[in-house]
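Analysis of the macromolecular model
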Amino acid sequence: EGHLRRLPRLRRVYFGREVERHSLDEGLHRLQRKAERVTDTLPLLEEFYREKIALLLAHQAAAKLVVQYDANNTYQYIINRDDVQLSWVGKAIELLGGTLPEGSEPTRGAKGKAGAAASRVIAEDGHAAQAFVDRWRPRVEAMTHARHRTMLRVILGETLEQKRFFEQALAGRTDLLGRRGEVL
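Let me begin by describing the structure that accompanies this report. Here the structure is a predicted model, which is why all the values come from computation and not from measurement. (Residues numbered from 1 in each chain as written. Predicted model: local features only at pLDDT ≥ 70, side-chain atom pairs only at ≥ 80, totals over all residues. Heavy atoms only, no water.)

1. Topic: the packing of aromatic side chains
This structure, assessed with the given rule, holds five aromatic pairs. Seen in terms of ring centroids, Phe48 and Trp136 are 5.0 Å apart; in terms of plane orientation they differ by 80°. Their pairing is edge-to-face. Taken as a pair, Phe48 in helix 2 (residues 41–65) and Trp136 in helix 4 (residues 114–141) lie far apart in primary sequence, 88 residues in all. Comparing Phe48 with Trp136, the two get one shared label, buried. Taking the centre distance of 6.5 Å and the plane angle of 45° together, the rings of Phe132 and Trp136 count as tilted. With Phe132 and Trp136 both in helix 4 and four residues apart, this pair spans about one turn of that helix. By relative accessible area, which is 1% here, Phe132 ends up buried. Lying over the aromatic face of Trp136, Arg139 brings its terminal NZ or CZ to 4.3 Å of the ring centre. (Phe/Tyr/Trp six-rings, centres within 6.5 Å; stacked < 30°, edge-to-face > 60°. Helix = DSSP H or I, 4+ residues; strand = E, 2+ residues; numbered from the N terminus. Buried < 20%, exposed > 50% of the residue type's maximum accessible area, 1.4 Å probe, protein only. Lys NZ or Arg CZ within 6 Å of the ring centre and 35° of its normal.)

Listed below in structure tokens is the structure:
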């Protein structure tokens, strides 16, 4: 007998007749093969990706206009984080069988003096970050797919962190990414 337990009630020999059909109807198997998965997750992720790549491209264009060292380093950090976040969303889109949307680089002109133009661009990016979060938070919270919802929540949280960086840069702070160590 080996390590098997004896469960006499579960054996076919104790039933009085043969099985008439498989426990799952053949029509159900045919229907399941033809059925497509109905979900709104893929279009939502594609739209999120399109909007996030537009923010990334706007940040890249702004980084060319912001010449102050600490603010430009902050833009480089933000661009790097945007790139990582887009890779997460892109991977999720690919796993769901979608294709990655393309983005087009915005034109951001430097009108006025360099400092005033940089302040205007930083303020625009701060407002754009808040608008992005305001637009997407209710939609993300309504998602049923827990892993994708959590991923988008993390991205929205990091977007709010970017908004905080922009506000600090506008206030003239130079320690946006941390304080420098003491020089000996």
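2. What to know about empty space enclosed by the protein
Counted by the stated rule, this structure contains one cavity of 30 Å³ or more. Approximately 30 Å³ is the volume found for the largest cavity. Every residue along the wall of the largest cavity is listed here: Tyr77, Arg81, Gln85, Glu158, Glu161, Gln162 and Phe165. Going through the elements one at a time, helix 3 (69–95) and helix 5 (146–170) are the ones with two or more residues in the lining of the largest cavity. Broken down by element, the lining of the largest cavity gets its largest block of residues, four residues, from helix 5. Residues that form the lining of the largest cavity fall into these classes: two nonpolar, two polar and three charged. (1 Å grid on protein atoms, 1.4 Å probe; cavity = no way out; pocket = protein on both sides within 12 Å on 5 of 7 lines; lining within 4 Å. Points joined across faces, edges and corners; volume = space filled by probe spheres on them. Nonpolar A, V, L, I, M, F, W, Y, C, P; charged D, E, K, R; others polar.)

3. Quick word on the nonpolar core
Phe48, Tyr75, Val89 and Leu152 are the most contacted members of the largest nonpolar core, which totals 36 residues. Put simply, the parts of the chain that give this core at least two residues each are helix 2, helix 3, helix 4 and helix 5. Top contributing element to this core by residue count: helix 2, with 11 residues. Every residue in contact with Phe48, bar those within four places of it in the chain, is listed here: Val89, Phe132, Trp136, Leu152, Ile155 and Leu156. (Core = buried A, V, L, I, M, F, W, Y, C linked by side-chain atoms within 4.5 Å. Contact = heavy atoms within 4.5 Å.)

4. Considering the side chain of Gln85
By secondary structure assignment, the location of Gln85 is in helix 3. In this structure, Gln85 is in contact with Lys52, Ile155, Glu158 and Gln162, ignoring residues within four places of it in sequence.

5. Let's talk about the layout of surface pockets
For the largest pocket, the calculated volume is near 200 Å³. Forming the walls of the largest pocket are 15 residues, and the residues nearest its centre are Gln68, Ala71, Ala118, Ile122 and Ala169. At the level of secondary structure, the elements contributing two or more residues to the lining of the largest pocket comprise helix 4 and helix 5. Considering every element that reaches the lining of the largest pocket, the biggest residue donor is helix 4, with five residues. Classifying every residue of the lining of the largest pocket by side-chain character gives nine nonpolar, five polar and one charged.

6. Considerations on the packing of helix 2 against helix 3
Close contact between helix 2 and helix 3 brings their axes to 9 Å; oriented N to C, the two are set at 160°. What the angle tells us is that helix 2 and helix 3 run roughly antiparallel. Like other packed secondary-structure pairs, helix 2 and helix 3 cross with a definite hand, here left-handed. Partitioning the contact of helix 2 with helix 3 into residue classes produces 16 nonpolar, six polar and four charged. (Axes fitted to C-alpha atoms, helices over the stretch in contact; angles between N-to-C directions. Parallel < 35°, antiparallel > 145°, perpendicular 65-115°, else oblique. Left-handed = near helix turned anticlockwise from the far one by under 90°.)

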